[in-house]
Amino acid sequence: MSLFRFTRLVSRPISYNIQARSICVSQVRRADPFPLPLQSHRPSAQNDSEAAKNDDSVPPEFMPKPLARDGEDVDTLRARLVYQSRKRGNLEMDLIFSTFAKENLATMSEEELKEFDKLMDEPDWDTYYWCTRKREPPARWADSPLLAKLRKHAQNEGRVVRRMPDLSKP
(Lines give C-alpha, C1' and ligand atoms only; values in the text may rest on other atoms or scores of the structure.)
Protein backbone atom coordinates (compact mmCIF):
# COMPACT_ATOMS: atom_id res chain seq x y z
CA MET A 1 0.00 0.00 0.00
CA SER A 2 1.34 3.37 -0.89
CA LEU A 3 2.12 5.92 1.80
CA PHE A 4 -0.36 8.36 0.23
CA ARG A 5 -3.26 5.89 0.46
CA PHE A 6 -2.32 4.89 4.01
CA THR A 7 -2.35 8.50 5.20
CA ARG A 8 -5.73 9.01 3.55
CA LEU A 9 -7.16 6.08 5.50
CA VAL A 10 -5.61 7.18 8.77
CA SER A 11 -6.64 10.79 8.39
CA ARG A 12 -10.33 9.91 7.95
CA PRO A 13 -12.57 9.87 10.99
CA ILE A 14 -13.07 6.44 12.55
CA SER A 15 -16.82 6.54 11.95
CA TYR A 16 -16.19 6.86 8.20
CA ASN A 17 -14.19 3.61 8.07
CA ILE A 18 -16.73 1.72 10.17
CA GLN A 19 -19.63 2.83 8.00
CA ALA A 20 -18.03 1.11 5.07
CA ARG A 21 -18.48 -2.22 6.85
CA SER A 22 -22.00 -2.83 7.96
CA ILE A 23 -21.82 -5.56 10.59
CA CYS A 24 -25.10 -6.68 12.06
CA VAL A 25 -24.71 -8.84 15.15
CA SER A 26 -28.42 -9.28 15.79
CA GLN A 27 -29.16 -10.71 12.38
CA VAL A 28 -31.99 -13.26 12.35
CA ARG A 29 -30.92 -16.74 11.28
CA ARG A 30 -32.81 -17.93 8.29
CA ALA A 31 -33.34 -21.51 7.25
CA ASP A 32 -30.62 -23.00 5.11
CA PRO A 33 -31.70 -22.63 1.46
CA PHE A 34 -29.70 -25.74 0.53
CA PRO A 35 -30.21 -28.31 3.32
CA LEU A 36 -28.26 -31.53 3.24
CA PRO A 37 -30.28 -34.71 2.59
CA LEU A 38 -30.26 -35.85 6.24
CA GLN A 39 -30.26 -32.39 7.78
CA SER A 40 -33.20 -31.30 9.89
CA HIS A 41 -35.78 -29.49 7.78
CA ARG A 42 -36.98 -27.21 10.56
CA PRO A 43 -35.70 -23.68 11.24
CA SER A 44 -33.02 -23.49 13.90
CA ALA A 45 -34.12 -22.93 17.48
CA GLN A 46 -33.42 -19.58 19.12
CA ASN A 47 -32.17 -21.05 22.39
CA ASP A 48 -31.42 -24.35 24.12
CA SER A 49 -34.85 -24.68 25.72
CA GLU A 50 -36.50 -24.53 22.31
CA ALA A 51 -34.00 -27.04 20.95
CA ALA A 52 -34.86 -29.42 23.77
CA LYS A 53 -38.57 -29.10 22.97
CA ASN A 54 -38.14 -29.79 19.25
CA ASP A 55 -37.53 -33.28 17.97
CA ASP A 56 -34.72 -32.60 15.51
CA SER A 57 -34.39 -36.20 14.37
CA VAL A 58 -34.73 -36.89 10.70
CA PRO A 59 -38.27 -37.92 9.72
CA PRO A 60 -38.44 -41.50 8.40
CA GLU A 61 -39.59 -40.38 4.96
CA PHE A 62 -36.27 -38.53 4.46
CA MET A 63 -34.14 -41.49 5.51
CA PRO A 64 -32.48 -43.60 2.82
CA LYS A 65 -33.93 -47.08 2.67
CA PRO A 66 -31.62 -49.75 4.10
CA LEU A 67 -30.65 -52.66 1.91
CA ALA A 68 -32.89 -55.70 2.18
CA ARG A 69 -30.82 -58.58 3.45
CA ASP A 70 -33.21 -61.49 3.17
CA GLY A 71 -31.76 -64.87 3.98
CA GLU A 72 -28.78 -63.50 5.95
CA ASP A 73 -27.78 -66.03 8.59
CA VAL A 74 -27.15 -64.97 12.19
CA ASP A 75 -23.36 -65.35 12.04
CA THR A 76 -23.12 -63.14 8.95
CA LEU A 77 -25.46 -60.60 10.55
CA ARG A 78 -23.36 -60.56 13.72
CA ALA A 79 -20.11 -60.12 11.75
CA ARG A 80 -21.61 -57.31 9.67
CA LEU A 81 -22.86 -55.53 12.79
CA VAL A 82 -19.40 -55.75 14.37
CA TYR A 83 -17.89 -54.07 11.32
CA GLN A 84 -20.65 -51.47 10.94
CA SER A 85 -20.49 -50.55 14.62
CA ARG A 86 -16.85 -49.56 14.13
CA LYS A 87 -17.32 -47.51 10.95
CA ARG A 88 -20.00 -44.99 11.81
CA GLY A 89 -18.64 -41.68 10.59
CA ASN A 90 -18.02 -39.98 13.91
CA LEU A 91 -15.77 -41.12 16.71
CA GLU A 92 -18.36 -40.76 19.46
CA MET A 93 -20.71 -43.32 17.96
CA ASP A 94 -17.80 -45.51 16.85
CA LEU A 95 -16.79 -45.87 20.49
CA ILE A 96 -20.27 -46.30 21.90
CA PHE A 97 -21.50 -48.78 19.29
CA SER A 98 -18.29 -50.78 18.94
CA THR A 99 -17.77 -51.28 22.67
CA PHE A 100 -21.47 -52.12 23.09
CA ALA A 101 -21.20 -54.63 20.23
CA LYS A 102 -18.07 -56.19 21.76
CA GLU A 103 -19.84 -56.70 25.09
CA ASN A 104 -23.33 -57.70 23.91
CA LEU A 105 -23.51 -59.06 20.35
CA ALA A 106 -22.49 -62.59 21.33
CA THR A 107 -25.47 -62.95 23.68
CA MET A 108 -28.12 -61.18 21.58
CA SER A 109 -30.96 -63.08 19.96
CA GLU A 110 -31.70 -62.75 16.26
CA GLU A 111 -34.55 -60.29 16.93
CA GLU A 112 -32.27 -58.11 19.06
CA LEU A 113 -29.61 -58.20 16.34
CA LYS A 114 -32.14 -57.04 13.76
CA GLU A 115 -33.31 -54.26 16.07
CA PHE A 116 -29.67 -53.20 16.59
CA ASP A 117 -29.27 -53.20 12.82
CA LYS A 118 -32.29 -50.89 12.46
CA LEU A 119 -30.95 -48.60 15.19
CA MET A 120 -27.64 -48.32 13.35
CA ASP A 121 -29.56 -47.21 10.24
CA GLU A 122 -30.51 -44.02 12.09
CA PRO A 123 -28.29 -40.93 11.66
CA ASP A 124 -25.25 -40.91 13.94
CA TRP A 125 -25.93 -37.65 15.70
CA ASP A 126 -29.51 -38.63 16.45
CA THR A 127 -28.42 -41.89 18.05
CA TYR A 128 -25.68 -40.06 19.94
CA TYR A 129 -28.16 -37.61 21.44
CA TRP A 130 -30.58 -40.42 22.29
CA CYS A 131 -27.86 -42.49 23.97
CA THR A 132 -26.55 -39.58 26.00
CA ARG A 133 -30.09 -38.42 26.88
CA LYS A 134 -29.58 -35.00 25.33
CA ARG A 135 -32.76 -35.49 23.31
CA GLU A 136 -35.74 -37.75 23.58
CA PRO A 137 -35.95 -40.48 20.94
CA PRO A 138 -38.92 -40.58 18.56
CA ALA A 139 -41.87 -42.82 19.35
CA ARG A 140 -40.48 -45.70 17.30
CA TRP A 141 -37.50 -45.96 19.71
CA ALA A 142 -38.95 -44.56 22.95
CA ASP A 143 -39.80 -47.94 24.52
CA SER A 144 -36.95 -49.96 23.04
CA PRO A 145 -35.14 -52.20 25.55
CA LEU A 146 -32.11 -52.13 23.24
CA LEU A 147 -31.91 -48.34 23.44
CA ALA A 148 -32.22 -48.60 27.24
CA LYS A 149 -29.23 -50.98 27.28
CA LEU A 150 -27.31 -48.67 24.98
CA ARG A 151 -28.05 -45.68 27.22
CA LYS A 152 -26.81 -47.58 30.27
CA HIS A 153 -23.67 -48.51 28.33
CA ALA A 154 -23.12 -44.90 27.23
CA GLN A 155 -23.36 -43.67 30.84
CA ASN A 156 -20.19 -45.65 31.61
CA GLU A 157 -20.91 -45.86 35.32
CA GLY A 158 -17.68 -47.79 35.93
CA ARG A 159 -15.69 -44.93 34.32
CA VAL A 160 -13.90 -47.41 32.09
CA VAL A 161 -11.45 -45.89 29.63
CA ARG A 162 -12.82 -47.08 26.31
CA ARG A 163 -10.97 -47.59 23.09
CA MET A 164 -11.86 -49.15 19.80
CA PRO A 165 -11.94 -52.95 20.32
CA ASP A 166 -9.83 -55.20 18.16
CA LEU A 167 -11.49 -56.92 15.23
CA SER A 168 -12.16 -60.40 16.45
CA LYS A 169 -15.24 -62.54 16.90
CA PRO A 170 -17.61 -60.95 19.45
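First things first, this report covers the structure right here in the doc.

As for the packing of helix α5 (residues 91-104) against helix α6 (residues 110-120)
Alright, step 1. Where α5 contacts α6, the two axes come as close as 13 Å, and the packing angle between them is 175°. Of the possible angle classes, the one that applies to α5 and α6 is roughly antiparallel. Across the interface between the two elements, Phe97, Phe100 and Ala101 of α5 pack against Phe116, Leu119 and Met120 of α6.

Focus on the packing of α5 against helix α9 (residues 145-155)
Alright, step 1. At a closest axis distance of 10 Å, the pairing of α5 and α9 adopts a crossing angle of 110°. Here α5 lies roughly perpendicular to α9, going by the angle between them. From α5, Ile96, Phe97, Thr99, Phe100 and Glu103 reach across to α9, where they touch Leu146, Lys149, Leu150, His153 and Ala154.
Alright, step 2. When its residues are assigned to classes, the contact of α5 with α9 shows six nonpolar, two polar and two charged.

Some details on unusual backbone geometry
Alright, step 1. At Arg133, a residue that is not glycine, the phi angle is positive and equals roughly 65°.
Alright, step 2. With respect to the helices, strands and loops of the structure, Arg133 is situated in the loop between α7 (124-131) and α8 (139-142).

Let's talk about the nonpolar core
Alright, step 1. Counting 20 residues, the largest nonpolar core has Leu81, Phe97, Leu105, Phe116, Leu119 and Leu150 as the members making the most contacts within it.
Alright, step 2. Of all elements in the fold, only α4 (74-86), α5, α6, α7 and α9 reach the threshold of two or more residues within this core.
Alright, step 3. Per element, the largest residue contribution to this core is five residues, and it comes from α5.

Analysis parameters
Residues numbered from 1 in each chain as written. Predicted model: local features only at pLDDT ≥ 70, side-chain atom pairs only at ≥ 80, totals over all residues. Heavy atoms only, no water. Axes fitted to C-alpha atoms, helices over the stretch in contact; angles between N-to-C directions. Helix = DSSP H or I, 4+ residues; strand = E, 2+ residues; numbered from the N terminus. Parallel < 35°, antiparallel > 145°, perpendicular 65-115°, else oblique. Contact = heavy atoms within 4.5 Å. Nonpolar A, V, L, I, M, F, W, Y, C, P; charged D, E, K, R; others polar. Core = buried A, V, L, I, M, F, W, Y, C linked by side-chain atoms within 4.5 Å. Buried < 20%, exposed > 50% of the residue type's maximum accessible area, 1.4 Å probe, protein only.

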